[in-house]
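Listed below, chain by chain, are the residues.
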Amino acid sequence: MKVEIVNPTEQLLSEIANPKLRRKDVAQTFALVLKYGQRDQVDWPKVCQAAVERWSMSGWTWIKSKAWKAIDTGEFPC
């Protein structure tokens, strides 16, 4: 069974815009997008802009770092 996020760009943008969610939540979704091979389905400039507007460039860098660490270690949120 193949698992995927239906619209990864909109999912990430929705999470970034949600004030109840934090960087770690977005990092988990980012990691799942990578894990499921959906990297090419994301409008990265749009996602990056939204994340930087909310958290700054260092916040976006933190999110990416945590997502890639999950890939490297195999420690996924679900």
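For the structure, see preceding data.
Per-chain numbering applies: the sequence of each chain, read as written, is numbered from 1 onward. Local features are withheld for residues below a pLDDT of 70 in this predicted model, meaning they are given only at 70 or higher, and side-chain atom pairs are given and counted only at 80 or more; totals for whole chains, interfaces and linings count all residues. The basis for the side-chain values is all heavy atoms of the structure; hydrogens and waters are excluded.

Some remarks on the overall build of the chain
Operational definition: Secondary structure elements follow DSSP: runs of H or I of four or more residues count as helices, runs of E of two or more count as strands, with numbering from the N terminus. Our radius of gyration looks at C-alpha atoms and nothing else; its globule reference is 2.2 Å times the residue count to the power 0.38. In what follows, a contact means two residues having at least one pair of non-hydrogen atoms within 4.5 Å. Where accessible areas are quoted, they stem from the Shrake-Rupley method and a 1.4 Å probe; at the residue level, only the protein chains shown are allowed to cover. Positive charge is attributed to Lys and Arg, negative charge to Asp and Glu, and no charge count is given to His or to the chain ends. Charged side chains are reduced to one point each, which is NZ for Lys, CZ for Arg, CG for Asp and CD for Glu.
Each helix and strand in the chain was counted, giving four helices and zero strands. Written out in order from the N terminus, the α and β elements of the chain read α-α-α-α. A compact globule built from 78 residues should have a C-alpha radius of gyration of about 12 Å, and the chain, at 12 Å, falls within 12% of that. For the chain, contacts bridging at least 24 residues in sequence account for 75% of all contacts bridging at least 6. Total accessible area on the chain stands at roughly 5,000 Å², and carbon and sulfur atoms take up 50% of it. When the 12 basic and 9 acidic side-chain charges of the chain are each reduced to a single mean position, those positions are 7 Å apart.

Quick word on the environment of Trp 68
Note the threshold: Each residue is placed in one exposure class: buried if its accessible area under a 1.4 Å probe, protein chains only, is under 20% of its type's maximum, exposed if it is over 50%, and partly exposed if it falls in between.
Tracing the chain through its elements places Trp 68 in helix α4 (residues 57–73). Judged by its relative accessible area of 35%, Trp 68 is partly exposed. Along the sequence, Trp 68 and Trp 55 sit 13 residues apart, while their C-alpha atoms lie 18 Å from each other. Look past the residues within four positions of Trp 68 in its chain and what remains in contact with it is Phe 30, Leu 34 and Arg 39.

Overview of the packing of helix α1 (residues 8–17) against helix α2 (residues 23–35)
Under the convention used in this document: All axes here are fitted lines through C-alpha atoms, helices being fitted over the stretch that makes contact, and every angle between N-to-C directions spans 0 to 180 degrees. For this classification, under 35 degrees means roughly parallel, over 145 means roughly antiparallel, 65 to 115 means roughly perpendicular, and everything else is oblique. Note that Gly is not counted as nonpolar here; it falls among the polar residues with everything else outside the nonpolar set of Ala, Val, Leu, Ile, Met, Phe, Trp, Tyr, Cys and Pro and the charged set of Asp, Glu, Lys and Arg.
At a closest axis distance of 9 Å, the pairing of α1 and α2 adopts a crossing angle of 170°. Between α1 and α2, the crossing angle belongs to the class labelled roughly antiparallel. Taking contact as the criterion, the partners of Pro 8, Gln 11, Leu 12, Glu 15 and Ile 16 in α1 are, on α2, Asp 25, Val 26, Thr 29, Phe 30 and Val 33. Its residues assigned to classes, the contact of α1 with α2 comprises six nonpolar, two polar and two charged.

So, the environment of Ser 56
Put simply, the rule reads: Contacts described as polar in this section are N or O atom pairs within 3.5 Å, which, within protein, must combine one atom able to donate a hydrogen with one able to accept it, while residues neighboring in sequence count only if both atoms come from side chains.
Residue position: Ser 56 is located in the loop between α3 (44–55) and α4. Note: C-alpha distance between Ser 56 and Pro 19 (37 residues apart in sequence) is 15 Å. Within the structure, the side chain of Ser 56 is placed 3.0 Å from the side chain of Ser 58, a separation counted as a polar contact.

Thoughts on the packing of aromatic side chains
Just so we agree on the cut-off: Whether two aromatic rings pair depends on their centres lying within 6.5 Å, for rings of Phe, Tyr and Trp, where Trp uses its six-membered ring; planes under 30 degrees apart make the pair stacked, over 60 edge-to-face, and the rest tilted.
Evaluated as defined, the whole model comprises two aromatic pairs. Ring plane angle 35° and centroid distance 4.9 Å describe the contact between Phe 30 and Trp 44, whose orientation is recorded as tilted. Here Phe 30, found in helix α2, pairs with Trp 44, found in helix α3; they are 14 residues apart in sequence, far enough to count as distant. Overall, Trp 44 belongs to the partly exposed group, its relative accessible area being 22%.

On their own, these measurements won't tell you what the molecule is for.
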